[in-house]
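A structural walkthrough
Given next are the chains, with one letter for each unit.
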Amino acid sequence: MDKVVFFTGAKPPQTGGELYNYQLSQYLEKLGWQQEYISLHEKRHYLRLGNIPIIGNILSSLIFAVILFKHKGIFVEDHYFSRYLFLTNILQKKLTKGKIVVIVHLFYGYDSQDKLFLRKIFYQYIEKIRLSFADLIVTSSEYSKSEIVSVGINPELIHVLSPGLDREKFQISSNNNQLDNQGKTKILCVANYIPRKGTIHLIEALAQIERQDFTLDLVGNRKNNSSYYNQLKNAVEKLKLTEFVVFHDGSDQENIKHLYSCADIFILPSFKETFGIVFLEAMHYGLPIITTNVSAIPELVEEGKNGLLVSPGDSQALAKAITKLMANPNLIKQMGEAGRKKVATSYYWEQTCSQFFSIIQEED
């Protein structure tokens, strides 16, 4: 039985992707497999070398190859760090003959629908090289699998393992919803403060709604995203929404559970999601969802059934969707129940991790 070495981000996890990796690692540990969980965020001073044009990635890759060469076994690496692990992967394949499993959460540069042909071809080539070392690839949605295939990767190497919902962490209280709404529609958005989440358009949409009987709770990690966070704060002040919008710390898990329990509507106007664990959390709490009709989102949120879908970046369409739900309490309840039923018997981490274990066993 080979040792399994995870190369991933923050520990404890701060994002959905990091949580995914961590859950897999913890499952193997419970089964008694020898494994190691290496946070490359702890070596972020080396990652910064990648900002140096051309030579930066070479230098950081060389440093990581030296540091990580001591590790033997099956490598499980978050694709986000693949550009820093180029030489490490060469050593793994050529010298130790070890297996490499790559977990792809998101392509940050490549988009198969990119209208700029040269940029699309460039990133397509880069991503194909980065994934060329993988003995198998794990990803979270059919959409993500199609993106990986579009760069020229054999689909037989790709396994779609949907994330799970931490039901113990997000226990539902007996008096769930309407806890302290005081007659106002409570809107919730859980997303890191980064442009890809499209939160600025949610704020702009609220400014277009005539009825002012709502509140918006924004939950995110602003530690490393202060620029966009400041942009959101400025927009709230400029549009005179300060009494309606509250910013919350994304690390306060108890508060997040409380906010889910109190919320009426969940909104995430993202430009791209290869899954979205927060959608599972919202459905678990019986919340209807307003989001965008892009990437993997329609695999989870069905138009008119458990939510409403709008085009990304369209604050006017977002405002109409919000107004529609606010005016129809029965529709809120109906969509919320449909979402709750959707996740009631599926999206369990145990199932996801068990499938991953089977894959690793085949590679061992």
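Below is a short write-up of the structure. For clarity, every value in this text was computed on a predicted model and none was experimentally measured. (Residues numbered from 1 in each chain as written. Predicted model: local features only at pLDDT ≥ 70, side-chain atom pairs only at ≥ 80, totals over all residues. Heavy atoms only, no water.)

Along its length, the protein chain carries 13 helices and 12 strands. In terms of C-alpha radius of gyration, the protein chain reaches 21 Å, essentially the compact-globule figure of 21 Å for 364 residues. Each principal axis of the C-alpha distribution contributes one length, and for the protein chain these read about 65 × 45 × 35 Å. Counting all 364 residues of the protein chain, 52% fall into the buried class. In the protein chain, once contacts between residues fewer than 6 apart in sequence are set aside, the share between residues at least 24 apart is 71%. Accessible surface, the protein chain: about 17,100 Å² in total, of which carbon and sulfur atoms supply 51%. Of note, the protein chain has its 40 positive side-chain charges centred 4 Å away from the centre of its 38 negative side-chain charges. (Helix = DSSP H or I, 4+ residues; strand = E, 2+ residues; numbered from the N terminus. Rg over C-alpha atoms; globule rule 2.2 N^0.38 Å. Buried < 20%, exposed > 50% of the residue type's maximum accessible area, 1.4 Å probe, protein only. Contact = heavy atoms within 4.5 Å. Areas by Shrake-Rupley, 256 points an atom, 1.4 Å probe, with all protein chains shown as cover. Lys, Arg positive; Asp, Glu negative; His and termini not counted. Charge placed at Lys NZ, Arg CZ, Asp CG, Glu CD.)

Moving on, we come to the side chain of D264. Along the chain, the position of D264 falls in the loop between α9 (253-262) and β10 (265-268). Comment: no salt bridge for buried D264; closest opposite-charge side chain is K186, at 7.3 Å. Here the side chain of D264 touches K186 through a polar contact of 2.8 Å, landing on its backbone nitrogen. (Salt bridge = Lys/Arg side-chain N within 4 Å of Asp/Glu carboxyl O. Polar contact = N/O pair within 3.5 Å; in protein donor to acceptor, adjacent residues only side chain to side chain.)

This next bit is on the sheet that holds strand β2 (residues 35-39). Strand order in this open sheet of 6 strands is β2-β1-β3-β4-β5-β6, and the pairing throughout is parallel. Single-partner strands in this sheet number two, and they are β2 and β6 (158-160). Strand-to-strand twist in this sheet, taken as the mean axis angle between neighbours without regard to direction, amounts to 20°. Here helix α4 (residues 86-94) sits on the sheet and contacts β3 (74-78) and β4 (100-104); the angle it forms with β3, its principal contact strand, is near 160°. (Pairing = 2+ DSSP bridges. Axes fitted to C-alpha atoms, helices over the stretch in contact; angles between N-to-C directions.)

Trans is the prevailing form of peptide bonds, just as negative phi is the prevailing case for residues other than glycine. Looking along the chain, the bond that leaves K11 and enters P12 is cis, with omega of 0°. Its location among the elements puts P12 in the loop between β1 (4-8) and α1 (16-30). Although it is not a glycine, K240 sits at a positive phi angle of roughly 60°. Here K240 falls in the exposed class, since its relative accessible area comes to 68%. In this structure, S295 is a non-glycine residue whose phi angle is positive, near 45°. Checked against the element boundaries, S295 lands in the loop between β11 (289-292) and β12 (307-310).

Moving on, we get to the sheet that holds strand β9 (residues 245-249). Pairing is parallel across the open sheet formed by 6 strands, whose spatial order is β9-β8-β7-β10-β11-β12. If you trace the sheet from one side to the other, it starts and ends with β9 and β12, each paired once. Each strand of the sheet is rotated relative to its neighbour by a mean of 20°, with strand direction disregarded. Examined bridge by bridge, strand β7 (residues 185-190) and β10 share 2 bridges and lie parallel to one another. Along β10, the bridge assignment pairs L188 with F266. Helix α11 (residues 315-326) rests against β7, β8 (214-220), β10, β11 and β12 of the sheet, and its axis sits at about 165° to β12.

As a further point, take the packing of helix α7 (residues 199-206) against helix α8 (residues 226-238). What describes two packed helices is the angle between their axes and the distance between those same axes. Where α7 contacts α8, the two axes come as close as 10 Å, and the packing angle between them is 5°. With respect to α8, the axis of α7 lies roughly parallel. Seen from α7, the contacting residues are T199, I200 and I203; seen from α8, they are Y228, Q231, L232, A235 and V236. Residue composition of the contact of α7 with α8, by class: 6 nonpolar, 2 polar and no charged. (Parallel < 35°, antiparallel > 145°, perpendicular 65-115°, else oblique. Nonpolar A, V, L, I, M, F, W, Y, C, P; charged D, E, K, R; others polar.)

Here the focus is helix α12 (residues 329-344). For an α-helix, 3.6 residues make a turn, and residues three or four places apart therefore share a direction. Taking 1.5 Å of rise per residue, the 16 residues of α12 would be expected to cover 22 Å, and the 22 Å separating its terminal C-alpha atoms lies within 8% of that figure. Buried within α12 we find L331, I332, M335, G336, A338, G339 and V343. Angularly, the buried residues of α12 cover 160° about the axis, an arc narrow enough to put them on a single face. For α12, the exposed residues set more than 90 degrees away from the buried face come down to P329, N330, K333, Q334 and K341. Taken together, the buried residues of α12 touch β10, α10 (277-284), β12 and α11. (Expected span 1.5 Å × (residues − 1). Arc of directions from axis to C-beta.)

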